[in-house]
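Chain residues, written in single-letter form:
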Amino acid sequence: MRPDREAPARTTGGAASLGGVGSPSPWAVLAWAALLGTIVVSFRPAGPVIWGDTPSFVESALLTLEAGRPTVAGGRDPGYPAFLAVTFAFGGDLGTVVRLQQAAWAVLMLALAATAQAATRNAGGLVPIILVATYPGLLLFRNVLTAELLFAVFLNLAMAGLLVATCVGKTARCCAVAASVLCAALAACFRSQGVLVPIAAVLLGARLARPDTSARLAVIAVSVAAALALLAAGSRFAASDSDQASAVFVPKTLFCNHLNIVLASDAARREIVSAAGDRANATMARLVADFAEPGRWPVLGFFGDACLFDTALDRDVADGTGNAVGAAAAYRRIFLAAVRDRPLAYAGKFVRQMAYGASVAWPPYGLDPAIPVSTDDVPHVSDIMTWHGRAAQPIDLQGGSVRIGLLSDLPGISAYLFRALSTAFVIAVIFWTVTAVRRRRPGFLTRAGIVIVMWAASIVTAAGAHTLDVWRYLIPAVPMVGIMLSLFAVELAETIVADHAAPSGTIRRAMPSGPSGSSVS
């Protein structure tokens, strides 16, 4: 059964009385008022916050502006630098960037709420979205000059577009799918972690839209072509060779975050010896020292960044030449040798990461009362802007910490709340799996399946290449967790109501009737 054909049946039932789409009930009005109040209260002054990635982003933006094409430094993805460059080109400053991020966050919250209500036809579906709007993990990134906030916006708009496609007619469905594909491509431009998201959006969208006219087929085809153009011009593929850090970033990330597999593989060790030449012994000693670095990540089992930021390794594996392309090729060759030699070890690591990602799908992140400012990086950003002829006022960079507010003021309670929400997400996925096996409720299966696939696509790259011990990689997917909880809560409520109503209906039908057709008492 197609989702749009199933929709009229959902307007009945006890749970639907909380507020349908046709005529808003008092519950729906109350839920929207609470959401709008939360959005208004959560706004903070547009003070830019400088973190460790900010200098590379700012430098990449200024290089992009000067070159007229995506150019990055420090291994950054080009989407966010392009956004900064456009803002600077139109006369904006770092405060303007923060205001735009705040506006993008507000648009996302409203879009998620509208999507949740359209998909569930129930005002109760807005409750998890209100919790998303109060989530400090997203709130703090509105002020931080990094790509996380805008990546989260386009990632979740892509998911929302696919959900909307299940609630509308065929023509509008094709347009919603097209918008989803474009948003997914933009998300991949902001963070290479989302590189699988456009693929998931295209596959899901093609299944949903099933264009049966030339006009609808043209809409989907144009959106896919535009997405490919965006990825070719604005993703890491377009700027992977901008500098040495960009050239080696992906293969070195794979190498360093699987260092335990590399060191345990004889084939990988032989590749290291072959690549390092007469530096082989020193290189192996350096890798062992990096692997033993204190501060281990619990799930990964070691601190991968010790190797990642060991720049001397680039020279060693490139046989002393320091050539970035040669180092990247060596890292890639060693990693593939290790995976071929120990595939089960790699598969086990990936499964552990995904299981951990599900268990902390709503991380207790950002629970400090204020966003800390990296004072070490503030002078660096100031110097970068001065070098490029865009001196920033000290007040723009060196303001005080930005207070987050709302749930961050209750860190103890909030930590338990987010752990409970993560547990509820796991239960929701199990509920969906059981429902899929029983092949019931096709509308719920379709919509929840979209959310699960998009959520998995958004974190699978980090799980396979890096580690989800870094909760920052899970934060952009939190709104999808909220949508999943909306679908799950409403579906569970309707299932319980239907199960309670069924026995009484069965008993009533079993009673004998009198001549007038009324039940005999």
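Notes on the structure in this doc start here. Worth saying up front: this structure is predicted, and the values here are computed from it rather than measured.

A short note on the overall build of the protein chain
Logical step 1: The secondary structure content of the protein chain amounts to 25 helices and two strands.
Logical step 2: Scored against the burial criterion, the 521 residues of the protein chain give a buried share of 51%.
Logical step 3: Here the contacts in the protein chain between residues at least 6 apart in sequence split such that 79% fall between residues at least 24 apart.
Logical step 4: Of the accessible surface of the protein chain, which amounts to about 22000 Å², a share of 66% is contributed by carbon and sulfur atoms.

Quick notes on the side chain of Ser422
Logical step 1: Along the polypeptide, Ser422 turns up in helix H23 (residues 411-438).
Logical step 2: Ser422 gets classed as buried once you look at its relative accessible area, which sits at 1%.
Logical step 3: In contact with Ser422, not counting residues within four places along its chain, are Ala358, Ser359, Val360, Ala361 and Trp362.

Details of the state of the cysteines
In protein structure, a disulfide is the covalent linkage between the sulfur atoms of two cysteines.
Logical step 1: Tallying each qualifying case throughout the model produces one disulfide.
Logical step 2: The residue that forms a disulfide with Cys256 is Cys307, at a sulfur-sulfur distance of 2.1 Å. Its S-S torsion of approximately -55 degrees makes the covalent link between Cys256 and Cys307 left-handed. Of the two residues, Cys256 is situated in helix H13 (residues 244-256) and Cys307 in helix H17 (residues 305-308); the sequence distance between them amounts to 51 residues. For the pair formed by Cys256 and Cys307, the shared burial category is buried.
Logical step 3: For Cys174, which is in no disulfide, the shortest distance to another cysteine sulfur is to Cys175 and amounts to 6.9 Å.
Logical step 4: Overall, Cys174 belongs to the buried group, its relative accessible area being 1%.

Describing unusual backbone geometry
Logical step 1: Phi is positive for Arg121, close to 55 degrees, though the residue is something other than glycine.
Logical step 2: With respect to the helices and strands, the residue Arg121 is situated in the loop between helix H5 (94-120) and helix H6 (127-133).
Logical step 3: Residue classification places Arg121 among the buried positions, given a relative accessible area of 14%.
Logical step 4: Phi is positive for Arg441, close to 50 degrees, though the residue is something other than glycine.
Logical step 5: In this structure, Arg441 sits in the loop between H23 and helix H24 (442-465).
Logical step 6: On the accessibility criterion, Arg441 (24% relative accessible area) is partly exposed.

Focus: the layout of surface pockets
Vacant regions in the atomic arrangement are exposed by a probe of water-molecule size rolled over the atoms.
Logical step 1: Considering only enclosed or pocket space, the largest pocket measures out at about 1400 Å³ in volume.
Logical step 2: The set of elements that each furnish at least two residues to the lining of the largest pocket consists of helix H9 (170-190), helix H12 (236-239), H13, H17, helix H19 (324-341) and H24.
Logical step 3: Top element by residues in the lining of the largest pocket is H13. It accounts for 11 residues.
Logical step 4: Its residues assigned to classes, the lining of the largest pocket shows 24 nonpolar, 15 polar and 10 charged.

Things to note about a nonpolar patch on the surface
Logical step 1: A cluster of nonpolar residues, Leu196, Ile199 and Leu203, forms a patch on the protein surface that exposes about 280 Å² of accessible area.
Logical step 2: Among the secondary structure elements, Ile199 is positioned in helix H10 (residues 197-209).

A look at the environment of Arg441
Logical step 1: Considering only alpha carbons, one finds Arg441 and Glu491, 50 residues apart in sequence, at a separation of 8.9 Å.
Logical step 2: Residues within four places of Arg441 in sequence aside, it is in contact with Thr435, Glu491, Glu494, Thr495 and Ala498.

Description of the nonpolar core
Logical step 1: Counting residues in each nonpolar core, the largest one holds 145 residues, and the members touching the most others are Tyr80, Met454 and Trp455.
Logical step 2: Sequence-distant contacts of Tyr80, that is, excluding residues within four places in its chain, are made with Phe57, Val97, Gln101, Val144, Leu145, Thr146, Ala147, Leu150 and Phe190.

Points about the packing of helix H15 (residues 266-276) against helix H16 (residues 280-291)
Logical step 1: Relative orientation of the contacting elements H15 and H16 amounts to 130 degrees, with a least axis distance of 8 Å. As the angle between them shows, H15 and H16 are arranged oblique. For the pair H15 and H16, the crossing hand works out as right-handed. Contacts between H15 and H16 pair Arg269, Ile272, Val273 and Ala276 from the former with Ala280, Thr283, Met284 and Leu287 from the latter.
Logical step 2: Looking at the contact of H15 with H16 residue by residue, the class counts come to six nonpolar, one polar and one charged.

Looking at H5
Logical step 1: Between its terminal C-alpha atoms H5 stretches 39 Å, which fits the 39 Å expected from 27 residues at 1.5 Å a residue.
Logical step 2: Count one or two residues on from H5 and you reach Arg121, which has phi positive near 55 degrees.

Things to note about the packing of aromatic side chains
Logical step 1: What the rule picks out here adds up to 16 aromatic pairs.
Logical step 2: With centroids separated by 6.2 Å and ring planes inclined at 15 degrees, the aromatic side chains of Phe141 and Tyr365 adopt a geometry described as stacked. On the criterion of sequence distance, the pair formed by Phe141 in the loop between helix H7 (136-139) and helix H8 (148-165) and Tyr365 in the loop between helix H20 (343-359) and strand E1 (370-371) is long-range, its members being 224 residues apart.
Logical step 3: Geometrically, the ring pair formed by Phe255 and Tyr331 is tilted, given 5.0 Å between the ring centres and 45 degrees between the ring planes. Of this pair, Phe255 sits in helix H13 while Tyr331 sits in helix H19, and the two are 76 residues apart along the sequence. Assigned by exposure class, Phe255 and Tyr331 land together as buried.
Logical step 4: Above the plane of the ring of Phe57 lies Arg76, whose end atom (NZ or CZ) is 5.7 Å from the centre.

Considering H15
Logical step 1: Those residues of H15 not exposed but buried are Ala267, Ala268, Ile272, Ala275 and Ala276. Down the axis of H15, the smallest arc covering the buried residues is 160 degrees, so these residues share one side. Exposed and oriented more than 90 degrees from the buried face of H15 are Asp266, Arg270 and Ser274.
Logical step 2: Looking at the buried side of H15, the elements it contacts are helix H14 (259-264), H16, helix H18 (312-317) and H19.
Logical step 3: N-cap assignment for H15: the residue whose side-chain oxygen lies 3.4 Å from the backbone N of Ala267 is Ser265.
Logical step 4: Looking one or two residues past H15, Gly277 carries a phi angle of roughly 65 degrees, positive in sign.

Examining the pattern of salt bridges
Logical step 1: As enumerated under the stated definition, the model contains 13 salt bridges in all.
Logical step 2: A salt bridge links Arg472 to Asp53, with the nearest nitrogen and oxygen atoms 3.3 Å apart. With a gap of 419 residues between them, Arg472 in the loop between H24 and helix H25 (478-510) and Asp53 in the loop between helix H2 (26-42) and helix H3 (54-67) connect regions that are remote in the sequence.
Logical step 3: For the salt bridge of Asp316 with Arg286, the shortest nitrogen-to-oxygen distance reads 3.4 Å. Pair noted here: Asp316 is in helix H18 and Arg286 is in helix H16, with a separation of 30 residues, a long-range link.
Logical step 4: Take Asp316: its relative accessible area is 2%, and that puts it in the buried class.
Logical step 5: On the accessibility criterion, Arg286 (29% relative accessible area) is partly exposed.

Thresholds applied
Residue indices begin from 1 for each chain and proceed along its sequence in written order. In view of the model being predicted, local features appear only for residues whose pLDDT reaches at least 70, and side-chain atom pairs are presented and counted only at 80 or more, with totals across whole chains, interfaces and linings using the full set of residues. The basis for every side-chain value is the complete set of heavy atoms in the structure, and neither hydrogens nor water enter the calculation. Helix and strand assignments come from DSSP, with helices taken as H or I runs of at least 4 residues and strands as E runs of at least 2, each series counted from the N terminus. We call a residue buried when its accessible area falls under 20% of the maximum for its residue type, exposed when it is over 50%, and partly exposed in between, using a 1.4 Å probe and counting protein chains only. Residues count as neighbours in contact if any of their non-hydrogen atoms are within 4.5 Å of one another. Each accessible area is a Shrake-Rupley estimate made with a 1.4 Å probe; only the visible protein chains count as cover when residues are assessed. To count as a disulfide, a pair of cysteine sulfur atoms needs to be within 2.5 Å. Using a grid of 1 Å spacing that covers the protein atoms alone, one calls a set of points a cavity when a 1.4 Å probe fits there but cannot get out, and a pocket when the set is open and has protein on both sides within 12 Å along at least five of seven lines; lining residues are those with an atom within 4 Å of a point. Grid points are joined across faces, edges and corners, and a volume is the space filled by probe spheres set on the points. Amino acids outside the nonpolar list (Ala, Val, Leu, Ile, Met, Phe, Trp, Tyr, Cys, Pro) and the charged list (Asp, Glu, Lys, Arg) are all regarded as polar, and Gly is one of them. A residue counts toward a patch only above 30% relative accessible area and without a salt bridge, and it is joined to like-charged neighbours within 9 Å or, for Val, Leu, Ile, Met, Phe, Trp and Tyr, to nonpolar neighbours within 5 Å. Definition used for salt bridges: Asp or Glu carboxyl oxygen within 4 Å of a side-chain nitrogen of Lys or Arg. We call a set of buried Ala, Val, Leu, Ile, Met, Phe, Trp, Tyr and Cys residues a nonpolar core when their side-chain atoms join them within 4.5 Å. To get an axis, a line is fitted to the C-alpha atoms, and for a helix only the part in contact is used. The angle between two axes follows their N-to-C directions and goes from 0 to 180 degrees. For classification purposes, angles smaller than 35 degrees are called roughly parallel, those larger than 145 roughly antiparallel, those between 65 and 115 roughly perpendicular, and all remaining angles oblique. Handedness of each helix crossing follows the sense of rotation of the near helix against the far helix: counterclockwise by less than a right angle gives left-handed, clockwise gives right-handed. Multiplying 1.5 Å by the helix residue count minus one yields the expected span of that helix. Note on aromatic pairs: the rings of Phe, Tyr and Trp (six-membered ring only in Trp) are paired at centre separations within 6.5 Å, and the planes decide the class, stacked below 30 degrees, edge-to-face beyond 60, tilted for the rest. Placement of a charge over a ring requires the Lys NZ or Arg CZ to be within 6 Å of the ring centre, with the centre-to-atom vector within 35 degrees of the ring normal. Starting at the helix axis, one direction is taken to each C-beta atom, and the arc is that of these directions. Two N or O atoms count as a polar contact when they lie within 3.5 Å, although within protein this holds only if one can serve as hydrogen donor and the other as acceptor, and sequence-adjacent residues are included solely when both atoms are side-chain atoms.

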